[in-house]
Amino acid sequence: MSKTMRSQTRPSYIKGGIDIRRTVEIKLNFPVEIGNVERSTVTMRRPKGRDVKANFRAAGGEQENLEATFKLLADLCNLAPDEFDELDMSDIEQLGEQLEAFMGKTGFGLPKPAGS
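Going by an unreviewed UniProt entry, the protein chain carries the name Phage tail assembly protein and comes from Aphanocapsa feldmannii 277cI.

Engineer: Hey, could you go over the confidence of the model for the protein chain for me, with residue numbers and the actual values?
Structural biologist: Here the protein chain averages 82 in pLDDT, while 78% of its residues score no lower than 70. In the model of the protein chain, helix 1 (residues 3-9) stands out as the element of lowest mean pLDDT, 53, in contrast to strand 4 (residues 37-45), which has the highest, 96. Across residues 107-116, confidence stays below pLDDT 50; counting only partners more than four residues off in sequence or on other chains, it has 18 contacts.

Engineer: Describe the pairing of strand 4, and please don't skip the residues or the numbers.
Structural biologist: When a strand is regular, its side chains alternate between the sheet's two faces. The pairing of strand 3 (residues 23-34) with strand 4 spans eight bridges and is classified as antiparallel. What sits directly across from Ile 34, in strand 4, is Val 37. Connecting strand 3 to the next strand, strand 4, in antiparallel fashion are two residues, including Gly 35 with a positive phi near 60°.

Engineer: Could you give me a rundown of the pattern of salt bridges, with the residues and numbers involved?
Structural biologist: All chains considered together, the criterion is met by three salt bridges. Here Asp 19 ties to Arg 21 by a salt bridge, and the two come within 2.6 Å at their closest N and O atoms. Residue class for Asp 19 comes out buried when judged on its relative accessible area of 1%. Since its relative accessible area comes to 27%, Arg 21 is described here as partly exposed. Put simply, Asp 51 and Arg 45 hold a salt bridge, and the shortest N to O gap is 2.9 Å.

Engineer: Can you tell me about the nonpolar core, naming the residues and giving the values?
Structural biologist: Ranked by internal contacts, the top residues of the largest apolar core, which has 20 residues, are Val 42, Met 44, Leu 73, Leu 79, Phe 84, Leu 87 and Leu 95. Of all the elements in the fold, those that place two or more residues in this core are strand 3, strand 4, helix 3 (62-76) and helix 5 (89-103). Discounting chain neighbours no more than four positions away, the residues touching Leu 73 are Met 44, Phe 84, Ile 92, Leu 95, Gly 96 and Leu 99.

Engineer: Lay out the packing of aromatic side chains with the relevant residues and their values.
Structural biologist: Taken as a whole, this structure holds one aromatic pair when the rule is applied. Here Arg 21 stacks its cationic end above the ring of Tyr 13, 3.6 Å away from the centre of that ring.

Thresholds applied
Residues numbered from 1 in each chain as written. Predicted model: local features only at pLDDT ≥ 70, side-chain atom pairs only at ≥ 80, totals over all residues. Heavy atoms only, no water. pLDDT = per-residue confidence, 0-100. Helix = DSSP H or I, 4+ residues; strand = E, 2+ residues; numbered from the N terminus. Contact = heavy atoms within 4.5 Å. Pairing = 2+ DSSP bridges. Salt bridge = Lys/Arg side-chain N within 4 Å of Asp/Glu carboxyl O. Buried < 20%, exposed > 50% of the residue type's maximum accessible area, 1.4 Å probe, protein only. Core = buried A, V, L, I, M, F, W, Y, C linked by side-chain atoms within 4.5 Å. Phe/Tyr/Trp six-rings, centres within 6.5 Å; stacked < 30°, edge-to-face > 60°. Lys NZ or Arg CZ within 6 Å of the ring centre and 35° of its normal.

See the structure below:
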């Protein structure tokens, strides 16, 4: 694929492999009720160094990393832990993918299912 063709198909908010938007509204596959209000979207903001540092400070093993990742995603979406826990796993995966896009990384976030 030519360089010109690639730049035409890449969204304008992707620069150097990084999603440069400040916030992204993410449509949930499975809406949830939060505070007696059905939510079909959540808004995620870009992470800052302090977000990652605060959420991964105590993380050590795989379970702690998963919990730290979930807390980071909840914080970035301004969701309380009990609200975040109500999200469907496919929606949590979407949030993890968006976090990776913000950071210009792959493999960060949720563990991939066995066999994938």
